[in-house]
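Descriptive structure summary
Letter by letter, the chains look like this.
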Amino acid sequence: LVYPNPTSDKLTIKTNYDIDKVELYNILGKKVMENANTQELNLNSLSNGVYMLQIYSGKTKLIKRIVKQ
């Protein structure tokens, strides 16, 4: 569960699994953020728009579309 979406500043990732790494990509596919072992992302420094969040846990990768406004 990733919330709130859309968001204006912080994004929370709620899962029962250990998060190894999260990566955030802009709509052009450029990596704009990478964090390890976190369940909260601060998006204040990013421009408004659509992003793709990739969450890695073990051998599993989950991709979520995020809107920052």
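Everything in this summary refers to the structure shown in the same document. (Residues numbered from 1 in each chain as written. Predicted model: local features only at pLDDT ≥ 70, side-chain atom pairs only at ≥ 80, totals over all residues. Heavy atoms only, no water.)

1. Here we look at the packing of aromatic side chains
Spelled out, the test is: Stacked, tilted and edge-to-face are the three classes assigned to paired rings of Phe, Tyr and Trp, where Trp is represented by its six-membered ring and a pair needs centres within 6.5 Å; plane angles under 30 degrees give stacked, over 60 edge-to-face, the rest tilted. Ring-over charges, as used throughout, are those where CZ of Arg or NZ of Lys falls within 6 Å of the ring centre and within 35 degrees of the ring normal.
Under the defined criterion, the tally for this structure stands at 0 aromatic pairs. The positively charged end of Lys21 is found above the aromatic ring belonging to Tyr56, 4.9 Å away from the centroid.

2. A short note on the pairing of strand E7 (residues 60-68)
We count it as follows: Any two strands with at least two DSSP bridges between them are considered paired. Elements are defined by DSSP. Helices are runs of H or I of four residues or more, strands are runs of E of two residues or more, and each kind is numbered from the N terminus.
The pairing of strand E6 (residues 49-57) with E7 spans 9 bridges and is classified as antiparallel. Following the sheet pairing, Gly49 is matched in E7 by Lys68. Hairpin connection between E6 and E7: a loop of 2 residues separates the two successive antiparallel strands, and Gly58 in this loop has a positive phi of roughly 65°.

3. A few points about the sheet that holds strand E4 (residues 31-36)
Stated formally: Between N-to-C directions, angles span 0 to 180 degrees; the directions come from axes that are lines fitted to C-alpha atoms, helices contributing only their stretch in contact.
Reading across from one edge, E4-E3-E6-E7 is the order of the 4 strands in this open sheet, with antiparallel pairing throughout. In the strand order of this sheet, the two ends are held by E4 and E7, each with one partner. Going from strand to strand, the sheet's axes swing by 20° on average, the running direction of each strand aside. In the sheet, strand E3 (residues 21-26) pairs with E4 via 5 bridges, with the strands oriented antiparallel. What sits directly across from Glu23, in E4, is Glu34.

4. Describing the nonpolar core
Note the following rule: Joining through side-chain atoms within 4.5 Å is the link that ties buried Ala, Val, Leu, Ile, Met, Phe, Trp, Tyr and Cys residues into a set, and such a set is a nonpolar core. Buried, partly exposed and exposed residues are distinguished by accessible area as a fraction of the type maximum, computed with a 1.4 Å probe on protein chains only: under 20%, between the cut-offs, and over 50%, respectively. By the convention used here, residues are in contact when the closest approach between their heavy atoms is within 4.5 Å.
Grouped together as the largest cluster of nonpolar side chains are 14 residues, with contacts concentrated most on Leu43 and Leu53. Only strand E2 (10-13), E3 and E6 provide two or more residues apiece to this core. The element that contributes the greatest number of residues to this core is E6, accounting for 3 residues. Sequence-distant contacts of Leu43, that is, excluding residues within four places in its chain, are made with Thr7, Asp9, Leu11, Leu24, Met33, Ile66 and Lys68.

5. Things to note about the environment of Val22
With respect to the helices and strands, the residue Val22 is situated in strand E3. Classification of Val22 by relative accessible area gives buried; the value is 1%. For the pair Val22 and Leu62, spaced 40 residues apart in sequence, the C-alpha separation works out to 9.5 Å. The contact partners of Val22, leaving out residues within four places of it in the chain, are Ile13, Met33, Glu34, Asn35, Thr38, Leu41, Leu53, Gln54 and Ile55.

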